[in-house]
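As a plain string of letters, each chain reads:
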Amino acid sequence: MKNHFLTLLTALILFSCKEKEPSSQRPNIIFIMSDDHAYQAISAYDNRLIETPNIDRIAKLGMLFTNASVTNSICAPSRATILTGKHTHINGKTDNHFPFDTTNVTFPQLLQEGGYQTAMFGKLHFGNNPKGFDQFKILPGQGAYYNPTFITKNDGTYDVEGYVTDIITDMTLDWLENERKADQPFFLAYLHKAPHREWLPAERHIAEYTQKKFPEPATLFDDYSGRGTAAKEAEMNILHHMNWAGDSKVYPEVMDQLGIPDASGWDKGAFQREVGRMNPSQRANWDKVFKGVNEDFIKAFPDMSEEDKMRWRYQRYMQDYLGTIASVDENVGRVLDYLEANGLMENTIIVYTSDQGFYLGEHGWFDKRFVYDESFKTPLLIAWPGKVKAGSRSDELVQNLDFAQTFLEAAGIPQPEDMQGESLIPLLTGQSEKWTRDAVYYHYYEYPSIHMVKRHYAIVTKEYKLIHFYYDVDEWELFDRVNDPQEMKNVYNDPSYAEIRKKLHKDLEEIRKKYGDSSEISQKLLEEYLDKLRASGERLAPSFKK
Ligand code: SGN
Ligand code: CA
């Protein structure tokens, strides 16, 4: 009897081990995404502005993508594309204003059903909670840098004292240490708010960064003469459209003293919304540095030309923007250290990306939205020790559209037929001959809205970009990406590009068909958007001209 019992027990143990084997071999996935992190501000791409040694560790361990892009360069729509593996016109999330349609199927739901433990910490920006997560602690909307509020799956909504990038990391590490189940693979979304506007660095970085001086981009004083109405009318110019208090950290009372108007109507409010959240000790540390910055500005202001003001504002912008990235890099380092110290490196896919790129003064701009390179492209670094060759690079045209299917393939879960991306696994594992994509599709919708970037769609190849701006204009642009990498000259009407133009028009039609986009769908989405804007009293589409 005893023997029988032991045999049965051994059989049971063996059986359950066997059952668990496949799942324990499936990789963990850590998806690290920052908000508005330009590739120009990651030293693995470009070290003229900042050193990011920890983010660079991911490139050293794995693969750096030099041609990664988004399908729609704005926050919530990019996140919707990532989670659904579908273009905006299919998943319906055209803009930041109105909530995500949660009847969409997202890949975390499929991972969860397929046996993955799932968690999300940080910024989602959907207007509702994520589906398919065993645990989440997310910021409401854009979230705050100092003493942020979190919406949580199990503990309601509460404020946490401290700096947002540190807190999101503390939550992530706490989950890895205390909630992660050893017998299940996990998907962890670790999503930073930084370096999103209004760019408030952590206390420990303020003094250091306000003293730095950064090289100016060649196109800081672009007059947009080589491009059409959209570039000329966009409200993203550092000199003309940034907030003086909210963005450049000129104190509201200093604006009054110098006679600088609150042209956006919420400049001083934006300052108050962010700096006003600080506790007395944080505020004292802030003032210790920024009072000096303001005093220097008061002295210099009377003699400053428009060009001087642009230069001053560019430096202020970079000091704060890059100051917030210093914390992101340190905190990514904390997570990588944890993985190393806990034997989690071997079987974990580590992704670092941003929800889109960003202008760091190129074309005189901040913000994103355009299909022009700085906002169309996005950083992408993927490590998977043992599977992805250390220190490798890919210049293939990959997109945020591809994450869902990549993760599903890695997890051995079937990819739904209606997802529109392609798994990156062949590129990651050195089978690039299986990768055949030679063009990608882009479509931006949020207009009229803040920054006033017109609706446009485009086809992009490694050599060219053909763009159509529509709705209140009907203008085409064609850029030669090889000979004009700064995209200063629209060659659409240049006769020497006539053949290329013809071919690209044909390819654009085909790619729109392939992804199921059309003028009818654009028109329908436009009307729905305008209806919702009207219903909201058009508060969401102010003009920010100054
Ligand atoms: C806010 C910012 C904009 C920014 C959008 C969208 N203004 O409205 O500059 O383009 O967010 O950013 S702010 O004064 O409120 O900071 S996104 O990353 O969420 O798409
Ligand atoms: Ca963003």
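About the thresholds
Residues numbered from 1 in each chain as written. Chains lettered and ligands numbered in written order. Predicted model: local features only at pLDDT ≥ 70, side-chain atom pairs only at ≥ 80, totals over all residues. Heavy atoms only, no water. Helix = DSSP H or I, 4+ residues; strand = E, 2+ residues; numbered from the N terminus. Rg over C-alpha atoms; globule rule 2.2 N^0.38 Å. Contact = heavy atoms within 4.5 Å. Areas by Shrake-Rupley, 256 points an atom, 1.4 Å probe, with all protein chains shown as cover. Lys, Arg positive; Asp, Glu negative; His and termini not counted. Charge placed at Lys NZ, Arg CZ, Asp CG, Glu CD. Phe/Tyr/Trp six-rings, centres within 6.5 Å; stacked < 30°, edge-to-face > 60°. Buried < 20%, exposed > 50% of the residue type's maximum accessible area, 1.4 Å probe, protein only. Domains from an automatic or database assignment. Buried area = accessible area lost by both parts, 1.4 Å probe. Salt bridge = Lys/Arg side-chain N within 4 Å of Asp/Glu carboxyl O. Polar contact = N/O pair within 3.5 Å; in protein donor to acceptor, adjacent residues only side chain to side chain.

(A) Highlighting the overall build of the protein. Broken down by element type, the protein carries 18 helices and 16 strands. Relative to the globule expectation of 24 Å for 546 residues, the C-alpha radius of gyration of the protein, 24 Å, shows essentially globular dimensions. Overall size of the protein, expressed as C-alpha extent along the three principal axes, is 95 × 65 × 45 Å. Considering only intrachain contacts with a sequence separation of at least 6, the fraction spanning at least 24 residues in the protein is 69%. Put simply, the protein shows about 21700 Å² of open surface, and 52% of that area lies on carbon and sulfur atoms. Placing the 63 positive and 81 negative side-chain charges of the protein at their respective mean positions leaves the two points 2 Å apart.

(B) The arrangement of the packing of aromatic side chains in detail. Under the defined criterion, the tally for this structure stands at 38 aromatic pairs. Between Phe187 and Phe407, the ring centres sit 5.9 Å apart and the planes meet at 50 degrees, which makes this aromatic pair tilted. Taken as a pair, Phe187 in strand E8 (residues 186-191) and Phe407 in helix H15 (residues 403-411) lie far apart in primary sequence, 220 residues in all. Per residue, the accessibility class of Phe187 equals that of Phe407, and both read buried. Ring centres of Phe297 and Trp312 lie 4.1 Å apart, and the angle between their planes is 25 degrees; on these two criteria the pair is classed as stacked. Taken together, the residues Phe297 in helix H12 (residues 280-300) and Trp312 in helix H13 (residues 306-341) connect sequence positions 15 residues apart.

(C) Main features of the domain arrangement of the protein. Domain annotation for the protein reports domain 1 (26-199 + 322-434), domain 2 (207-319) and domain 3 (442-544). Put simply, the middle of domain 2 and the middle of domain 3, counted by C-alpha atoms, are 30 Å apart. Listed per partner, the contact involves 15 residues of domain 2 and 17 residues of domain 3. Carbon and sulfur atoms make up 58% of the surface buried where domain 2 meets domain 3, a total of about 1300 Å² over both sides. Together, Arg227, Ala230 and Glu235 form the three largest contributors to the area buried by domain 2 at its contact with domain 3, with a combined 39%. Where domain 2 touches domain 3, the interface holds one salt bridge. With its nearest N and O atoms 3.3 Å apart, the salt bridge here joins Glu233 to Lys454. Scanning the region where domain 2 abuts domain 3 turns up six residue pairs in polar contact (both at pLDDT 80 or more). Here the element with the most residues in the side of domain 2 that touches domain 3 is helix H8 (residues 229-233); it accounts for three residues.

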